[in-house]
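What follows is each chain in one-letter form.
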Amino acid sequence: MQGFLNLHKPFDWTSHDCVAKVRKLLKMKRVGHAGTLDPTATGVLPIALGKATRLLQYLPGTKAYQATIRLGIQTTTDDLQGEIITSAPCPGLDLENIKTVLSQFIGKIEQIPPNYSAIQVNGKRLYDLARKGEIVEIPVRTVEITQIHVLDWRNGDFPELDIAISCGSGTYIRAIARDLGTILNTGGTLSALVRTESSSFQIQDSLTFTDLATQIENSTFQPISPDAPLQHLKSVNLAPESAKKWCQGQKISFNLAIRDFVRVYQTETNFLGIGKLENDLLVPQIVVYENSN
């Protein structure tokens, strides 16, 4: 079995927990995931099965979220799981002013990841260093946010803002909540997060563990085709003899005026893997089908 599973990650599960559960349900060892989700976040978690684990690095980086930001509070983790650093009611906030501030987050921006995150500094995870009380300089990252839409606004001493965000990989929504609160001079923290899209997988098509277990029991589970989330890459087609050589690791002469990674097929229907076009050669990168004739 090889391909992808569009999993709806449940609340309070780590991404690693999800991989372990899928391994158990499908009775297979070769399982991986793309785009780690925090335990308290729910939604789309792409799972790769079998040889498709080798394709994870080629998935598109597009992400989309629905987030709830609570203003007036700042925490150690930039979400409600951390200790409260500051708490001050801010009932007088104006939504139109908040919308203006949110526009500052659109485009390529510099972002400092949360102290409690999986990023490594000097070979150590930030969350491990934070738990030990060690203070380190966190490197600034450039991330890209394409859209932010306000979905709802609830007034109160600690008002909450619901937003939809479309962004590239590496973006921390917790950092957006924190930085919005900093600009507003109120403090801000993330109170809820749902990932609605990841690497072209959509939440409306995702399966819960209950769905997956039922399909397995009824022998109806079919993984998503390995090439389905790779449509952002151009494709090339090989004749059977060339396809056989390519699958054996040989470079194939191929005259195409691009230099990039491509999806490789035999006669348009049989997905073979990922190649790279360079200097009029098609170089094998990842072969997922090895029995081409």
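Source: prediction; values computed, not measured. (Residues numbered from 1 in each chain as written. Predicted model: local features only at pLDDT ≥ 70, side-chain atom pairs only at ≥ 80, totals over all residues. Heavy atoms only, no water.)

Asker: I'd like a rundown of the overall build of the protein, residues and numbers included.
Answerer: Summing up its helical and strand segments, the protein has 6 helices and 18 strands in all. Reported as C-alpha extents along the three principal axes, the dimensions of the protein are approximately 70 × 45 × 40 Å. Per-residue burial over the protein gives 45% buried out of 293 residues. Intrachain contacts of the protein at a sequence separation of at least 6 include 68% that bridge at least 24 residues. Carbon and sulfur atoms make up 46% of the accessible area of the protein, which totals about 14900 Å². In the protein, 29 side chains carry a positive charge and 29 a negative one; their mean positions are 10 Å apart. (Helix = DSSP H or I, 4+ residues; strand = E, 2+ residues; numbered from the N terminus. Buried < 20%, exposed > 50% of the residue type's maximum accessible area, 1.4 Å probe, protein only. Contact = heavy atoms within 4.5 Å. Areas by Shrake-Rupley, 256 points an atom, 1.4 Å probe, with all protein chains shown as cover. Lys, Arg positive; Asp, Glu negative; His and termini not counted. Charge placed at Lys NZ, Arg CZ, Asp CG, Glu CD.)

Asker: Explain the UniProt feature "active site" (unreviewed entry) in the protein to me, and be specific about the residues and the numbers.
Answerer: According to UniProt, the feature "active site" (unreviewed entry) maps to D38 in the numbering used here. Excluding its chain neighbours within four sequence positions, the residues that come into contact with D38 are K9, W13 and R174. (UniProt positions renumbered as here; feature names shortened; annotations may be inferred.)

Asker: Give a detailed account of the pattern of salt bridges, specifying residues and quantitative values.
Answerer: A pair can form between side chains of opposite charge whenever their charged atoms are brought close. Summed over the entire model, instances satisfying the criterion amount to 8 salt bridges. In this structure, the salt-bridge partner of D152 is R154, at a minimum N-O distance of 3.0 Å. By relative accessible area, D152 is classed as partly exposed at 34%. One salt-bridge network, held together by shared partners, links R70, D152, R154, E160 and D162. (Salt bridge = Lys/Arg side-chain N within 4 Å of Asp/Glu carboxyl O.)

Asker: Please provide a residue-by-residue account of the sheet that holds strand β14 (residues 234–238), values included.
Answerer: If you walk across this open sheet you meet the 5 strands as β14-β16-β17-β18-β15, and the pairing is mixed. Looking at strand neighbours, the two that pair on one side only are β14 and β15 (252–253), the edges of this open sheet. In the sheet, β14 pairs with strand β16 (residues 261–266) via 5 bridges, with the strands oriented parallel. What sits directly across from L238, in β16, is Q266. Contacting β14, β15, β16, β17 (270–278) and β18 (281–287), helix α6 (residues 240–247) runs over the sheet at an angle of about 60° to β18. (Pairing = 2+ DSSP bridges. Axes fitted to C-alpha atoms, helices over the stretch in contact; angles between N-to-C directions.)

Asker: Explain unusual backbone geometry residue by residue, including any values.
Answerer: Look at N185: it is not a glycine, yet its phi comes out positive at around 60°. Here N185 lies in the loop between α4 (173–184) and β12 (188–198). Taking the relative accessible area as the measure of exposure, N185 reaches 70% and is therefore exposed. One non-glycine residue, S199, lies in positive phi territory at about 55°. Position of S199 among the secondary structure elements: in the loop between β12 and β13 (201–202). In this structure S199 comes out as buried when scored by relative accessible area, which is 3%.

Asker: Let's hear about the side chain of T75: which residues, and what values?
Answerer: By the element assignment, T75 lies in strand β5 (residues 73–75). Here the side chain of T75 touches T189 through a polar contact of 3.3 Å, side chain to side chain. (Polar contact = N/O pair within 3.5 Å; in protein donor to acceptor, adjacent residues only side chain to side chain.)

Asker: Mind laying out the nonpolar core, listing which residues take part and the relevant values?
Answerer: Core analysis: the biggest nonpolar cluster contains 29 residues, and L71, I173 and L180 have the highest contact counts within it. For this core, the secondary structure elements donating two or more residues are β4 (63–71), α2 (95–102), β10 (141–154), β11 (160–167), α4 and β12. By residue number, the principal contributor to this core is α4, which donates 5 residues. If near-sequence neighbours (up to four positions away) are discounted, I173 is found in contact with Y65, A67, I165, C167, L190 and L193. (Core = buried A, V, L, I, M, F, W, Y, C linked by side-chain atoms within 4.5 Å.)

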